[in-house]
Amino acid sequence: MAENAAMQPRATVPLRRQRNLLHRILANPLSAIGAALVCLAILVALLAPRIAPLDPIAMDLPNRLMPPSTAHWFGTDDSGRDILSRVIHGTRYSLIAAFGILALASLAGTIIGLAAGLFGGWLDELLMRVTDMFLAFPALVLAMALTAALGPSLFNAVMATALVWWPWYARLVRGQALQLKNEAYVEAAVIAGASRSRIAFHHILRNCLTPLIVQISLDMGYAILTLAGLSFVGLGAQPPAPEWGSMVSVGRDYFLDNWWMVTFPGLAIFITVMAFNLLGDGIQEALSPRAPR
Amino acid sequence: MIRFIGRRLLFLCFVLLGISVITFALTHLVPGDPARLMAGQHATGEQVKELAQRYGLDKPVITQFWIYMKGLLSGDLGMSLTNRRPVLEDLRQFLPASVELTAAAVLLVVLVGLPIGLLTGARRGKMLDHLMRFLTVSGVSMPIFWLGILMQILFYQHLKLLPLGGRLGVLDIEPPHVTGFYLIDTLLDGDYATFSSALIHLILPATTLAAGSIAVISRMMRASVIEVLDADYVRTAQAKGLPAGAVLRFHVFRNALIPTTTILGLQVGALLAGNVLAEVVFNWPGIGLYAVNAIKNLDYPAIMGVTLAISVIYVFVNLLVDIAYVMLDPRISFDGVA
């Protein structure tokens, strides 16, 4: 995440250039693959109950620990549940939870960053020192400790991770706000007598949105990965919920003889995260003149 | 230089204070009653109360914080609720394993990532661009715990080449404690058999931990090599007839290293966090595994201690990276003015 923060794209993209942007993203084959996979993941999440062949929770003990076959493409787990169905349903957990983290963190970060950037003075100083403090922590470790304190559950894992992540967005938005504050059109709005809130929301916030969205798209994969990690150590979604990280965690008890229990949920995490990263990478590269090659 | 470090150290004190406040606060948000938990389900109310009293868990939060801070300053992190040993002692016991693992991973990242970046940077091409991009994105997208398990399935179960986990085999005898790093302690002891066992046990966890960072570092290195190759001084060096190898070594490598160092520092942070997951997968007895066990047992003092320890290490690593950055690049002055 920090690596991305160091390579910020330009502040704003005029509307007429946005279609051009889409072309530039899709022109790169890897980004196009990423975009296609992201669409697929969203589709799977939306249609999960319709496309999953079996109930993801219902136990079927006589058929436990079956290797992949035509009846169970991804095999069955220790309670005889169909792993393919669980992986399909898991898409919902991962996407919704990761989106939740980013929504909460970017909302909090935007409010704090805007306040710091626009009001300046002691408020800016105070907010930024608190931000630095949070950034001094290794994020995953703090999220783990926090989730442990709140009690292990997917909801708490989301809350905890959001609480650890907002400073990145606060920094980004503050930087943008500081820069935009001095733009000619903002000064013009001030002279024209626009209210403070109108300037903040209409003129500054709207122009902060592009870099914010780029950052969110870059962070989506990382959010999925963090949640899966928390679930893997038993802090996120609890079994028997069909969450990928917790499926790998349960599968670990059986993995030497039943490789499919860890392989498929892990593969789902890997592919989904990669899809979001390829897309985010593509968006960033299309926007930034100096992205890594 | 000294002023720069002094100022950074001052900020560090401030950060450390913040870290201890946050660490303390987070374990007191918890809804459960640790005294109850520790005493066990069948304990009487009387026993729970006695326990709470002994560990100060019945006092108001402010008093608890005061006790905690006083303890911190004198190096007392409290007693672990589960094994009733001082947390500091636990950390001392488990930290070397984590440091050994992380150091091995950093070494791998540097020894593998930098050369790959340099070699691929010297050869440009669209296909290579795509390949490097694909590898980096795969590297950072791989769930570390999953990669570890796949490696175990491949190298332990199928190829029977490497052990499943742990720092030593069942039959190996722990080397006498000198540094806590098995690789060093076994050598000091002259016990080469145990040394090679420790080394073999380190391979899978370190590779797993390093994989993502190797990908990131090699791409970063490649990007900066490509940029440096375009610089005037490189063209001058080539024009005056310096052999290509010498140009790469003396002109390109060193300059390309500057931006890479910052990213490497950030990667050390990622490695510290990834450590927790790798240690769980490989049953590696470091502070990551200790942290996860503490969390499972709701062992407050241990959770606080280990969060504090990891954060302090993280902060110091970042300081070292900043200093290294300034030392590598003479254009940046220590006062932050270019």
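As the structure is a computational prediction, the values presented were derived from the model and not from experiment.

A. Examining the overall build of chain B more closely. A tally of regular secondary structure across chain B gives 13 helices and zero strands. Principal axes of the C-alpha set define a box for chain B whose edges measure 85 × 55 × 40 Å. When the 338 residues of chain B are sorted by exposure, 41% land in the buried category. When contacts within chain B are restricted to residue pairs at least 6 apart in sequence, those whose partners lie at least 24 apart make up 71%.

B. Molecular detail of the overall build of chain A. Along the backbone of chain A there are eleven helices and zero strands. For chain A, the α and β elements follow one another from N to C terminus as α-α-α-α-α-α-α-α-α-α-α. Over its C-alpha atoms, taken along the principal directions, chain A stretches across nearly 75 × 45 × 35 Å. Looking at the 293 residues of chain A, the share that counts as buried comes to 48%. Restricting to contacts in chain A with at least 6 residues of sequence separation, those with at least 24 account for 69%.

C. Examining the packing of helix H6 (residues 126-141) of chain B against helix H9 (residues 192-229) of chain B more closely. Residues and elements named next belong to chain B. It is the contact of H6 with H9, at a shortest axis distance of 7 Å, that shows an interaxial angle of 145 degrees. You can see that H6 and H9 cross each other, and the crossing is left-handed. For the pair formed by H6 and H9, the contact residues are Met132, Leu135, Thr136, Ser138, Gly139 and Val140 on the first element and Ala211, Gly212, Ile214, Ala215, Val216, Arg219 and Arg222 on the second. For the contact of H6 with H9, the per-class residue count stands at seven nonpolar, four polar and two charged.

D. Here's a closer look at the confidence of the model for chain A. Residues and elements named next belong to chain A. Mean pLDDT for chain A: 84, with 91% of residues reaching 70 or above. Averaged pLDDT values over the elements of chain A bottom out at 42 in helix H1 (residues 2-5) and peak at 93 in helix H4 (residues 83-119). Within the model, pLDDT remains below 50 along residues 1-11, and this stretch shows 23 contacts once partners closer than five positions in the same chain are excluded.

E. Layout of the confidence of the model for chain B. Residue and element names in this part refer to chain B. Summing up the model confidence of chain B, the mean pLDDT is 83 and the portion of residues at 70 or higher is 91%. Confidence, expressed as mean pLDDT per element, reaches its minimum in chain B at helix H2 (residues 34-39) with 62 and its maximum at helix H7 (residues 144-158) with 92. For this predicted complex, the interface confidence score (ipTM) comes to 0.84, while the overall pTM stands at 0.85.

F. Seen up close, the nonpolar core. Counting 162 residues, the largest nonpolar core has A:Met144, A:Ile224 and B:Val306 as the members making the most contacts within it. If near-sequence neighbours (up to four positions away) are discounted, A:Ile224 is found in contact with A:Ser94, A:Ala98, A:Ile269, A:Thr272, A:Val273 and A:Phe276.

G. Seen up close, the packing of helix H3 (residues 29-51) of chain A against H4(A). Residue and element names in this part refer to chain A. In the contact formed by H3 and H4, the axes pass within 8 Å of each other and the chain directions differ by 130 degrees. Viewed along their axes, H3 and H4 adopt a mutual orientation that is oblique. Seen along the crossing, H3 lies across H4 with a hand that is left-handed. Residues Ala41, Ile42, Val44, Ala45, Ala48 and Ile51 of H3 pack against Ile88, His89, Thr91, Arg92 and Leu95 of H4.

H. Spatial organisation of the interface of chain A and chain B. Taken residue by residue, the interface counts 43 residues in chain A and 45 residues in chain B. Counting residues per element, the side of chain A that touches chain B draws most heavily on helix H6 (residues 139-150) of chain A, which supplies ten residues. Here the residues of the side of chain A that touches chain B are counted per class, giving 33 nonpolar, six polar and four charged.

I. Quick look at unusual backbone geometry. Backbone torsion omega between A:Pro239 and A:Pro240 reads 10 degrees, so that peptide bond is classified as cis. Among the structural elements, A:Pro240 can be located in the loop between helix H9 (196-232) and helix H10 (244-251). Phi angles above zero are rare outside glycine, and A:Leu65 is one such case at about 55 degrees. With respect to the secondary-structure elements, A:Leu65 resides in the loop between H3 and H4. According to the C-beta neighbour criterion, A:Leu65 is partly exposed, with 15 such atoms within 10 Å. Unusually for a residue other than glycine, B:Lys160 sits at a positive phi of about 55 degrees. Tracing the chain through its elements places B:Lys160 in the loop between H7 and helix H8 (182-189). Here B:Lys160 falls in the exposed class, since 8 other C-beta atoms lie within 10 Å of it.

J. Structural context of the environment of B:Val112. Considering the arrangement of structural elements, one finds B:Val112 in helix H5 (residues 87-122). We classify B:Val112 as partly exposed; it has 17 C-beta atoms within 10 Å.

K. Fine view of the environment of A:Ile204. Residues and elements named next belong to chain A. Topologically, Ile204 is positioned in helix H9. For Ile204, a count of 23 C-beta atoms within 10 Å corresponds to the buried category. Between the alpha carbons of Ile204 and Ser249 there is a distance of 45 Å; along the sequence they are 45 residues apart. Contacts of Ile204, omitting those with residues within four sequence positions, involve Ala177, Leu180, Lys181, Val186 and Ile199.

L. Examining the environment of A:Ser195 more closely. Residues and elements named next belong to chain A. Relative to the assigned elements, Ser195 resides in the loop between helix H8 (184-191) and H9. The exposure class of Ser195 is exposed, given the 11 C-beta atoms found within 10 Å. Ser195 sits 61 residues away from Phe134 along the chain, and the two C-alpha atoms are 33 Å apart.

Rules used throughout
- Residues numbered from 1 in each chain as written.
- Chains lettered and ligands numbered in written order.
- Predicted model: local features only at pLDDT ≥ 70, side-chain atom pairs only at ≥ 80, totals over all residues.
- Helix = DSSP H or I, 4+ residues; strand = E, 2+ residues; numbered from the N terminus.
- Buried ≥ 20, exposed ≤ 12 C-beta atoms within 10 Å, placed from the backbone.
- Contact = placed C-beta atoms within 7 Å.
- Axes fitted to C-alpha atoms, helices over the stretch in contact; angles between N-to-C directions.
- Left-handed = near helix turned anticlockwise from the far one by under 90°.
- Nonpolar A, V, L, I, M, F, W, Y, C, P; charged D, E, K, R; others polar.
- pLDDT = per-residue confidence, 0-100.
- Core = buried A, V, L, I, M, F, W, Y, C linked by C-beta atoms within 7 Å.
- Parallel < 35°, antiparallel > 145°, perpendicular 65-115°, else oblique.

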